[in-house]
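Each chain, letter by letter, is given below.
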Amino acid sequence: GTRDFVRGLPTWSNLIGLEADGEVVVGVCHLPAQGELYWAARGHGAFRGDRRIRVSGIDRRDRAVFCLTAFSNLKGHPLAGTILDYMSGYWAVRSMGGCQDAVLVCSGRAEAWVELAAKAWDLAPFKVLAEEAGARFFNFDGGSSIHSGSAVICSPFLEDELRELVRASA
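Now for a quick tour of the structure. All values derive from a computational prediction rather than experimental measurement.

1. Re the overall build of the protein chain
In terms of regular secondary structure, the protein chain is built from five helices and ten strands. Whereas a compact globule of 170 residues would reach a radius of gyration of roughly 15 Å, the protein chain reaches 15 Å, a difference of no more than 12%. For the C-alpha atoms alone, the extent of the protein chain along its principal axes is close to 40 × 35 × 30 Å. Every one of the 170 residues in the protein chain was classed for burial, and the buried ones make up 48%. Pairs at least 24 apart in sequence give 60% of the contacts found in the protein chain among residues at least 6 apart. Summing over all exposed atoms, the protein chain offers an accessible surface of approximately 8500 Å²; the carbon and sulfur share of this is 50%. Measuring between centres, the 18 positive side-chain charges of the protein chain sit 4 Å from its 20 negative side-chain charges.

2. Description of the pairing of strand E4 (residues 45-48)
Pairing of strand E3 (residues 36-41) with E4 involves four bridges; the strand directions are antiparallel. Bridge pairing in E4 links Trp39 to Phe47. As consecutive antiparallel partners, E3 and E4 are separated by three residues, and within that stretch Gly43 has a phi angle of approximately 85°, a positive value. Bridging between E4 and strand E5 (residues 51-52) involves two bridges; their strand directions are antiparallel. Across the sheet, Arg48 pairs through a bridge with Arg51, a residue of E5. Here E4 hands over to E5 after two residues, with Gly49 in that stretch at a positive phi of 65°.

3. As for unusual backbone geometry
Most peptide bonds adopt trans geometry, and most residues besides glycine take a negative phi value. Residues other than glycine seldom take positive phi values, yet Asp21 does so here, at roughly 50°. Within the secondary structure, Asp21 sits in the loop between strand E1 (14-20) and strand E2 (23-31).

4. Points about the sheet that holds E2
Taken together, the five strands give an open sheet; going across it, the order is E1-E2-E3-E4-E5, and neighbouring strands pair in antiparallel fashion. If you trace the sheet from one side to the other, it starts and ends with E1 and E5, each paired once. The sheet strands contacting helix H3 (residues 98-106) are E1, E2 and E3, and the helix crosses E2 at an angle near 110°. Along the sheet, helix H4 (residues 120-133) makes contact with E1, E2, E3, E4 and E5, crossing E2 at roughly 100°.

5. Section: H4
In a regular helix each residue adds 1.5 Å, so 14 residues correspond to 20 Å; H4 covers 20 Å between its end C-alpha atoms and thus fits that length. The buried fraction of H4 is high, at eleven of 14 residues. When H4 is considered as a whole, its buried residues turn out to be Ala120, Leu123, Ala124, Pro125, Phe126, Lys127, Val128, Leu129, Ala130, Glu132 and Ala133. Backbone geometry just after H4 places Gly134 at a positive phi near 95°.

6. What to know about the environment of Asp50
Locating Asp50 in the fold gives a position in the loop between E4 and E5. When the C-alpha atoms of Asp50 and Leu37 are compared, they prove to be 9.0 Å apart, with 13 residues separating the residues in sequence.

7. Observations concerning the pattern of salt bridges
Think of it this way: side chains of opposite charge can pair up when their charged atoms draw near. The tally for this structure, following the rule as stated, stands at eight salt bridges. Between Arg163 and Glu159 there is a salt bridge, with the nearest N and O atoms lying 2.9 Å from each other. Placement of the pair is Arg163 and Glu159 together in helix H5 (residues 159-167), with a separation of four residues, close to one helical turn. The exposure class assigned to Glu159 is buried, which follows from its relative accessible area of 16%. One salt-bridge network, in which partners are shared between bridges, spans Glu23, Arg42, Lys127 and Glu131.

Thresholds applied
Residues numbered from 1 in each chain as written. Predicted model: local features only at pLDDT ≥ 70, side-chain atom pairs only at ≥ 80, totals over all residues. Heavy atoms only, no water. Helix = DSSP H or I, 4+ residues; strand = E, 2+ residues; numbered from the N terminus. Rg over C-alpha atoms; globule rule 2.2 N^0.38 Å. Buried < 20%, exposed > 50% of the residue type's maximum accessible area, 1.4 Å probe, protein only. Contact = heavy atoms within 4.5 Å. Areas by Shrake-Rupley, 256 points an atom, 1.4 Å probe, with all protein chains shown as cover. Lys, Arg positive; Asp, Glu negative; His and termini not counted. Charge placed at Lys NZ, Arg CZ, Asp CG, Glu CD. Pairing = 2+ DSSP bridges. Axes fitted to C-alpha atoms, helices over the stretch in contact; angles between N-to-C directions. Expected span 1.5 Å × (residues − 1). Salt bridge = Lys/Arg side-chain N within 4 Å of Asp/Glu carboxyl O.

Laid out in C-alpha cells, this is it:
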C-alpha cells in the first residue's frame, strides 16, 4: 500500500498478523482513509468493525468478481499466457490493490483474489481473515503458507479451478 499512500489513494492499509506456533491466529487490516477495520481471530470469526463478514454466496463464475493484484507484474510471469482467457469468464475483473482486493473477497463483495508476489507480512492478516470468513486461502504451490510469496483467496466453489490455474506457475 505504500504506492497508494504516496499517491493519496484511499486503498492503503495498516496490516497486523499474529503468528503462534506457525499458525496465524489473529489478523487485522485497517484502512484508515476509508474508516474501515477488518479483523479476525482463529475460531472466533471475521469482522468488519463489529459486524461479522462472510464469503459471498455466489456460485457461478459468470456472476463473480475476480481481483488480481498488479497487472503490471504479469509480464514474464508463468500465468501471463493463461490468466487473460481465464478472467474473461468472470462477470467483472478488478485490481484495486492487494489489501483492498483481499478484503473484498473476505467480506463477500468479490469471489476471488490472486496475488502474484507478496511478503509474509502482506499475507498474514488475510490468511485468518479469509479462513474465518469461509473463504479458501492457498499458495500457487498448493500449500497454505504466508511465507510462499503467492496467494489465492476465493469462494469455495472456485477453489479447484483456481488451484489448477496457479499450479502451472508454481
